[in-house]
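# Per-entry structural report
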Amino acid sequence: MGKITLIATAAMGLESVVADEIRKLGYDCQVENGKVTFSADERAICRANLWLRTADRVKLKIGEFQATTFEELFEQTRALPWADFIPVHAQFPVIGKSVKSKLFSVSDCQAIVKKAVVESLKQRYRVSWFEETGPLFRIEVALHKDIATLTIDTSGAGLHKRGYRIKQGEAPLKETLAAALVQLTNWTPNRPFVDPFCGSGTIPIEAALIGQNIAPGFNRDFVSEQWDWIGKRLWEEAREEAEDLARYDEPLDISGFDIDHRMVEMAKMNAREAGLSDLITFKQMQVKDFRTQKQYGVIVGNPPYSERLGERKEVEQMYQDMGKTFASLDTWSIYILTSHRQFESLYGKKATKRRKLFNGFIETQYYQFWGPRPPRYE
């Protein structure tokens, strides 16, 4: 197959985190808004899907060109090498989006791209009709400022769907964002890790996966596993590599607390599904009751934001309680995600650093209170 171009899509604010993950896999990459692009071989499709913790999905880029008329869109789409990737019996639905482009009708763009791909495949396969009963190759036409990018999705379900979350609460944190919150800290597996608002357990579970270097995609399937031109062997090799790199004997000290006993039970179920229940301690507890003699730990929390009316006073009191409770943890580093603009004044301390992140469509700040570096033990 030779070199292919892949795009790892990312939530706003997480592009640099995704880029770091791609570089750790050994690929050079280019960072843009909402995506990270890199060139590799087909093996990278397997490895990126298995290993990227913070990307939304991995797409195969087929082509990119300017298109201000439907004729340009049709002709340039038809000229792309679709048959190099899509077999004669494949399903190839088309989805689309358009931002700040002359071709703003997404449904028309989808229909034109579909027709152009059919014409391109007809030329190669010498058939007049496609049954579309085989593996799925979902095409996307994305128009941005009159530039059309044509891709095929290699992931299937979004990469946040790890396969372990069988139960969740009302406002669940995406697994990809949870992993990013952990990766943006100074935590290492030899330090205590606490989530005092654990909900259904996503942040502690992602921390355990990171701590033992377990590939986040180990427990699920990907649509491109059915693609003949990648083949079963490359997927098997990628999964074997993930198994070899996992550190299942790495001891971890990870805890999750929540005020709601139902969420604690949910978190335990999810951890059990992930095969991590023996690594994480879940307990019902209010944040103001947290006490510890441990040193140099890391707290990562996604507390309620008071987005709903009537919750504000309660949430603000909790932020004040949190500040008082954590004040004695002078060797700990604390990281809190919230959309509340007065968080620092309620908490009673100015953050060392803030980072803008989006939790779904909610703009939040990731408040980081850095503790001292732990001493090095020889």
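Residues numbered from 1 in each chain as written. Predicted model: local features only at pLDDT ≥ 70, side-chain atom pairs only at ≥ 80, totals over all residues. Heavy atoms only, no water.

## Focus: the overall build of the protein chain
Within the protein chain, the regular secondary structure consists of 10 helices and 14 strands. The C-alpha atoms of the protein chain give a radius of gyration of 23 Å, which matches the 21 Å a tight globule of 378 residues would have. With the principal axes as the frame, the protein chain shows a C-alpha extent of 75 × 45 × 40 Å. Evaluated residue by residue, the protein chain yields a buried proportion of 53% over its 378 residues. (Helix = DSSP H or I, 4+ residues; strand = E, 2+ residues; numbered from the N terminus. Rg over C-alpha atoms; globule rule 2.2 N^0.38 Å. Buried < 20%, exposed > 50% of the residue type's maximum accessible area, 1.4 Å probe, protein only.)

## Some remarks on empty space enclosed by the protein
All told, the structure shown has 1 cavity of 30 Å³ or more when counted by the stated rule. Within this model, the largest cavity holds a volume of roughly 30 Å³. As for the largest cavity, its lining consists of Asn49, Leu52, Leu159, Arg162, Pro216, Gly217, Arg220 and Phe222. By residue class, the composition of the lining of the largest cavity is 4 nonpolar, 2 polar and 2 charged. (1 Å grid on protein atoms, 1.4 Å probe; cavity = no way out; pocket = protein on both sides within 12 Å on 5 of 7 lines; lining within 4 Å. Points joined across faces, edges and corners; volume = space filled by probe spheres on them. Nonpolar A, V, L, I, M, F, W, Y, C, P; charged D, E, K, R; others polar.)

## Considering the packing of helix α3 (residues 70–78) against helix α4 (residues 106–125)
At their nearest, the axes of α3 and α4 sit 8 Å apart, and the two run at 35° to each other. The hand of the α3/α4 crossing is right-handed. In this structure, α3 uses Phe70, Leu73, Phe74, Thr77 and Arg78 to contact α4, whose residues at the interface are Asp108, Cys109, Ile112, Val113, Lys115, Ala116, Val117, Glu119 and Ser120. (Axes fitted to C-alpha atoms, helices over the stretch in contact; angles between N-to-C directions. Left-handed = near helix turned anticlockwise from the far one by under 90°. Contact = heavy atoms within 4.5 Å.)

## So, the environment of glutamate 265
Structurally, glutamate 265 can be placed in helix α8 (residues 261–273). C-alpha separation for the pair glutamate 265 and lysine 167, spaced 98 residues apart in sequence, amounts to 9.5 Å.

## Quick notes on the packing of helix α5 (residues 175–183) against helix α6 (residues 202–211)
Put simply, α5 and α6 touch, their axes get as near as 9 Å, and they point 60° apart. By crossing handedness, the relation of α5 to α6 is classed as right-handed. Along the contact surface, α5 presents Glu175, Ala178, Ala179, Leu181, Val182 and Gln183, while α6 presents Thr202, Ile203, Glu206, Ala207 and Ile210.

## Observations regarding the state of the cysteines
Per the stated rule, a full pass over the model turns up 0 disulfides. Unpaired in terms of disulfides, cysteine 29 finds its nearest cysteine sulfur in cysteine 46, a separation of 19 Å. Here cysteine 29 falls in the buried class, since its relative accessible area comes to 19%. (Disulfide = S-S within 2.5 Å.)

Remember that the coordinates give geometry; whether it matters functionally is a separate question.
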